[in-house]
Amino acid sequence: MRSSKTIHVISAHAEGEVGDVIVGGVAPPPGDTPWEQRAFIDRDQTLRNFVLNEPRGGVFRHVNLLVPPKHPEADMGFIIMEPEYTPPMSGSNSICVSTVLLDGGILPMQEPETHLVLEAPGGLVRVRAECRNGKAERIFVQNVPSFAGETGAALEVPSIGTLTVDTAYGGDSFVVVQAADLGLEITEANAKQIAQLGTRILEAANAQLGFTHPENPDWTHISFCAFCGPLEQTETGLRSRSAVAIQPGKVDRSPTGTAVSARMALMLAKGQMTPDQTFEAVSIIGSRFTGRIVEQTTVGGRAAIVPELSGRGWITGIHQHMLDPDDPWPGGYRLSDTWGA
């Protein structure tokens, strides 16, 4: 078989959301920090297009590139590539990366617990993995500091009307809406409608509200729209269904770790949650992440939390993505039937 490029990938998912991991065949991108490496990948687009575009990728796929860590505390660095953005952090992808590192034998596993430090573009991520019989059964991710943005903001969305929304950051930026305000149930049958509505709400939110991270001037947009169901009381805290619309128009199959972090920051700021409570987020397919507030802190003078989220990940396969030198679509392609306009 001829190939001018061969990229080695271990595929995985976290509570339903795909997060493949490149383990070989790609040199570390230039940059003195993971953020600079992220910026290079985002500008260059070559790797993103090869692994995310069809025929190798698809709108449902996220891909993570393992890189040598820059921080002395970190065991491994990783760059996250999502269909539209190259984000600072991702909860489901952190779980996939941790699962691949441990279940794949890249880093040593210790039972009953393994502790790792990962370096994402957005900062250090501390991981605790519950391990048994050679399997990392549950991954606990201490996320980057998360905070509420605007609360109770009026947002005009064409053909929908005026919505009351919040914005927040949980390792990535969100506009948060209550599904009931749209008469919407968070069910699998409504996934296409949620994706389409989310795209329209995101466009309006970026145009009217915008987002600025107080310590990272490079992150100046809202990435996701989170549709939230009603809160329910549990023995240890709160539970709610949610669905996150991801550009260019899909719904996260997992409960979205950055959304769990952002929502806990919002609930604490609005007095809906106390620091000692847990939060269980249920996805559109019924999978679950559990979150808690590790501590309260500040980001650029703004009240923030250090959140922890937990979920499960599974390896689904091993792949070698190749490029025949005669392939007329070396960077792949995207069509509007699945990728949106």
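You'll find the structure just up there.
Please read all numbers here as calculations on a predicted model, not as lab measurements. (Residues numbered from 1 in each chain as written. Predicted model: local features only at pLDDT ≥ 70, side-chain atom pairs only at ≥ 80, totals over all residues. Heavy atoms only, no water.)

S.K.: Could you give an account of the nonpolar core, naming the residues involved and the relevant values?
M.R.: Generally speaking, a soluble globular protein has its nonpolar side chains buried in company with each other. Among the nonpolar cores identified, the biggest contains 72 residues, and Ile-201 and Phe-227 are the most heavily contacted of them. With 14 residues, the next largest nonpolar core counts Ile-7, Ile-41, Val-51 and Leu-65 among its residues. (Core = buried A, V, L, I, M, F, W, Y, C linked by side-chain atoms within 4.5 Å. Buried < 20%, exposed > 50% of the residue type's maximum accessible area, 1.4 Å probe, protein only.)

S.K.: Pulling in residues and values, what's your account of the packing of aromatic side chains?
M.R.: Going through the model one piece at a time under the given rule, you end up with 6 aromatic pairs. With a centroid separation of 5.3 Å and an interplanar angle of 20 degrees, the aromatic rings of Phe-147 and Tyr-169 are classed as stacked. Of this pair, Phe-147 sits in strand β9 (residues 147-148) while Tyr-169 sits in strand β11 (residues 161-169); the two residues are 22 residues apart in sequence, bridging distant segments of the chain. Residue Phe-147 is classed as buried on the basis of its relative accessible area of 0%. (Phe/Tyr/Trp six-rings, centres within 6.5 Å; stacked < 30°, edge-to-face > 60°. Helix = DSSP H or I, 4+ residues; strand = E, 2+ residues; numbered from the N terminus.)

S.K.: Before we move on, could you go through the environment of Gly-237 and cite the residues and values that matter?
M.R.: Checked against the element boundaries, Gly-237 lands in strand β15 (residues 237-246). What makes Gly-237 buried here is its relative accessible area of 2%.

S.K.: A description of empty space enclosed by the protein should follow, citing residues and the corresponding values.
M.R.: A full pass over the atoms with the stated rule returns 2 cavities of 30 Å³ or more. In this structure, the largest cavity encloses a volume near 80 Å³. What lines the largest cavity is a set of 13 residues, among which Ala-226, Cys-228, Ala-259, Val-260 and Arg-263 lie closest to the centre. Elements represented by at least two residues in the lining of the largest cavity include exactly β12 (173-178), β13 (224-228), β15, α5 (257-269) and β17 (278-282). Here the lining of the largest cavity gets 4 residues from one element, more than from any other, and that element is α5. Partitioned by chemical class, the residues of the lining of the largest cavity number 11 nonpolar, 1 polar and 1 charged. (1 Å grid on protein atoms, 1.4 Å probe; cavity = no way out; pocket = protein on both sides within 12 Å on 5 of 7 lines; lining within 4 Å. Points joined across faces, edges and corners; volume = space filled by probe spheres on them. Nonpolar A, V, L, I, M, F, W, Y, C, P; charged D, E, K, R; others polar.)

S.K.: Requested: an account of the pairing of strand β7 (residues 123-132), with residues and values cited.
M.R.: Sheet topology note: the strand β6 (residues 113-120)/β7 ladder contains 8 bridges and is antiparallel. Along β7, the bridge assignment pairs Leu-118 with Val-125. Where β6 folds back on β7, the antiparallel hairpin that results is connected by 2 residues. The antiparallel pairing of β7 with strand β8 (residues 135-142) creates a hairpin that spans 2 residues between the two strands, and Asn-133 there sits at a positive phi of about 55 degrees. (Pairing = 2+ DSSP bridges.)

S.K.: Now, about the environment of Pro-69: what can you tell me, with residues and values included?
M.R.: Of note, Pro-69 is situated in the loop between β4 (63-67) and β5 (76-81). Its relative accessible area of 31% is what places Pro-69 among the partly exposed residues. Sequence separation of Pro-69 and Ser-261 is 192 residues, and the distance between their C-alpha atoms is 24 Å. If we skip the residues at most four places from it in the chain, Pro-69 touches Ala-74, Asp-75, Met-76, Gly-77 and Glu-119. (Contact = heavy atoms within 4.5 Å.)

S.K.: Before we move on, can you summarise the layout of surface pockets with the specific residues and values?
M.R.: When its volume is computed, the largest pocket comes out at roughly 290 Å³. As for the largest pocket, its lining consists of 16 residues, of which Lys-192, Ala-195, Gln-196, Gly-249 and Thr-338 are closest to the centre. Within the residue set of the lining of the largest pocket, elements represented by two or more residues are α4 (191-208), β16 (250-251) and α6 (336-339). Of all the elements, α4 adds the most residues to the lining of the largest pocket, at 5 residues. Here the lining of the largest pocket is composed, by residue class, of 6 nonpolar, 6 polar and 4 charged.

S.K.: Hey, could you go over the pattern of salt bridges for me, with residue numbers and the actual values?
M.R.: The tally for this structure, following the rule as stated, stands at 16 salt bridges. Here Arg-2 makes a salt bridge to Asp-326, at a shortest N to O gap of 2.6 Å. Here Arg-2 is found in the segment before β1 (6-14), whereas its partner Asp-326 is found in the loop between β20 (313-322) and α6, with 324 residues between them in sequence. The same class applies to Arg-2 as to Asp-326, namely exposed. The shortest N-O distance in the salt bridge between Lys-135 and Asp-103 comes to 2.8 Å. Placement of the pair is Lys-135 in strand β8 and Asp-103 in helix α3 (residues 91-103), with a sequence separation of 32 residues. Judged by relative accessible area, which is 24%, Asp-103 ranks as partly exposed. In the salt-bridge network here, residues are joined through shared partners; they are Glu-232, Arg-239, Glu-280 and Arg-288. (Salt bridge = Lys/Arg side-chain N within 4 Å of Asp/Glu carboxyl O.)

S.K.: Let's hear about unusual backbone geometry: which residues, and what values?
M.R.: Residue Pro-55 follows Glu-54 across a cis peptide bond; omega there is 15 degrees. Positive phi, close to 50 degrees, is recorded for Glu-15, a residue that is not glycine. Within the element layout of this structure, Glu-15 appears in the loop between β1 and β2 (17-18). In this model, Thr-256 sits at a positive phi of 70 degrees, which is unusual for a non-glycine residue. Relative to the elements of secondary structure, Thr-256 occurs in the loop between β16 and α5. A residue is classified by how much of its surface remains accessible, and Thr-256, at 5% relative accessible area, is buried.

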